[in-house]
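# Structural description and commentary
Listed below are the residues making up each chain.
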Amino acid sequence: MSEEPDATENAEPAENISGGDGEASSLAEFAAGEPATRAEAVVDRLGGLYWQKTYGGRDAFECLVRTILSQNTSDVASQPAHDALMDRYGSADGEEIDLAVALADADRDELADVIRPAGLYNQKADVLTSVAARVLDEYGSAAEFDAFVREADPEEVRPALLDMGGVGPKTADCVLLFSGGRSGVFPVDTHVHRIYRRLGIAPADADHEAVRAVLEREVPAEKCGFGHTASIQFGREYCSARRPACLDGLDECPVSDLCDRVGVNVETGAVVDPADAE
Ligand code: SF4
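Residues numbered from 1 in each chain as written. Predicted model: local features only at pLDDT ≥ 70, side-chain atom pairs only at ≥ 80, totals over all residues. Heavy atoms only, no water.

So, about the packing of aromatic side chains. Overall, the coordinates contain five aromatic pairs when judged by the stated rule. Geometrically, the ring pair formed by Phe-61 and Phe-145 is edge-to-face, given 6.3 Å between the ring centres and 85 degrees between the ring planes. Residue Phe-61 is found in helix α2 (residues 60–69), and its partner Phe-145 is found in helix α7 (residues 142–151); the two are separated by 84 residues along the sequence. Assessed through its relative accessible area of 2%, Phe-61 is described here as buried. For Phe-145, a relative accessible area of 0% gives the class buried. Ring geometry for Tyr-139 against Phe-148: centres 5.0 Å apart, planes inclined by 35 degrees, an arrangement best described as tilted. Members of the aromatic cluster, connected to one another through ring pairs, are Phe-61, Tyr-139, Phe-145 and Phe-148. (Phe/Tyr/Trp six-rings, centres within 6.5 Å; stacked < 30°, edge-to-face > 60°. Helix = DSSP H or I, 4+ residues; strand = E, 2+ residues; numbered from the N terminus. Buried < 20%, exposed > 50% of the residue type's maximum accessible area, 1.4 Å probe, protein only.)

Shown next as structure tokens:
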């Protein structure tokens with residue numbers, strides 16, 4: 001393992017996690033008690049290792065933009081692209097302007113250049129301009145879209161987001177969680193997808209949606225948000241794709257007693273995707 005996590009109570013890791021800085025978020029209080037499922041026990045332990053927060057309060061359209069920029073890349077790469085985009089399109093002459101209007105009107109090549117650090121910049125520029133145009137068309141402004149995400153039934157918001165083109169389930173769920181503050185939403189990214197199948201909590205061959213369904217059923221609603229963010233950090237620091245910490249000894253992983261290690265052979269050091277495990 002290359003770095004030790006910060007074990008300070010409620011500390012946030014130095015590196016940003018997808019949408020997890022949450023300026024408008026607040027520390028959550030949770031009743032102590034025995035976890036009802038293994039999934040909840042894992043989330044409790046990871047929440048203790050990192051932090052426990054509730055989320056919400058971000059502008060939905062900006063959150064959507066941020067999550068699109070972070071697709072297929074790290075936050076380290078996408079953050080400068082987000083900052084550059086907000087500098088260029090978030091205001092004019094010191095006045096804040098509607099980001100959806102600015103992006104819908106943006107010159108595509110210039111926008112691609114601004115977001116270049118995020119990678120796949122031509123493709124992401126196309127998605128951003130079409131999503132911005134769609135938001136204006138259907139909601140009238142970024143502010144109206146924010147209100148829809150915050151106030152409408154999540155069962156209505158999720159399909160509306162998924163219908164936008166270039167917006168997948170993880171992006172939709174991150175917007176619901178970080179801007180809508182919806183509890184009970186457990187976005188599944190590549191780390192979450194890997195970890196909970198290795199643990200044996202989700203079936204080895206489960207796709208992202210199936211893992212999400214298991215977690216949203218077995219983790220209490222108020223713990224899903226930090227379960228998502230803490231799991232991502234855990235996947236980076238401990239249960240990485242190629243070299244999970246348990247290969248260096250079970251004591252190296254803080255949840256090894258809760259894990260089936262599907263696809264991980266600590267005797268031989270062999271690691272395969274859980275779906276390919278014997
Ligand atoms: S025991 Fe190994 S496979 Fe299981 S969660 Fe820990 S690092 Fe991942």
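Before going further, it helps to examine the environment of Glu-96. Turning to its location among the elements, Glu-96 is positioned in strand β4 (residues 95–96). Residue Glu-96 is classed as exposed on the basis of its relative accessible area, which comes to 73%. As for Glu-96 and Met-86, which are separated by 10 residues in sequence, their C-alpha atoms are 10.0 Å apart. Here Glu-96 is in contact with Gly-90 and Ser-91, once residues within four sequence places are set aside. (Contact = heavy atoms within 4.5 Å.)

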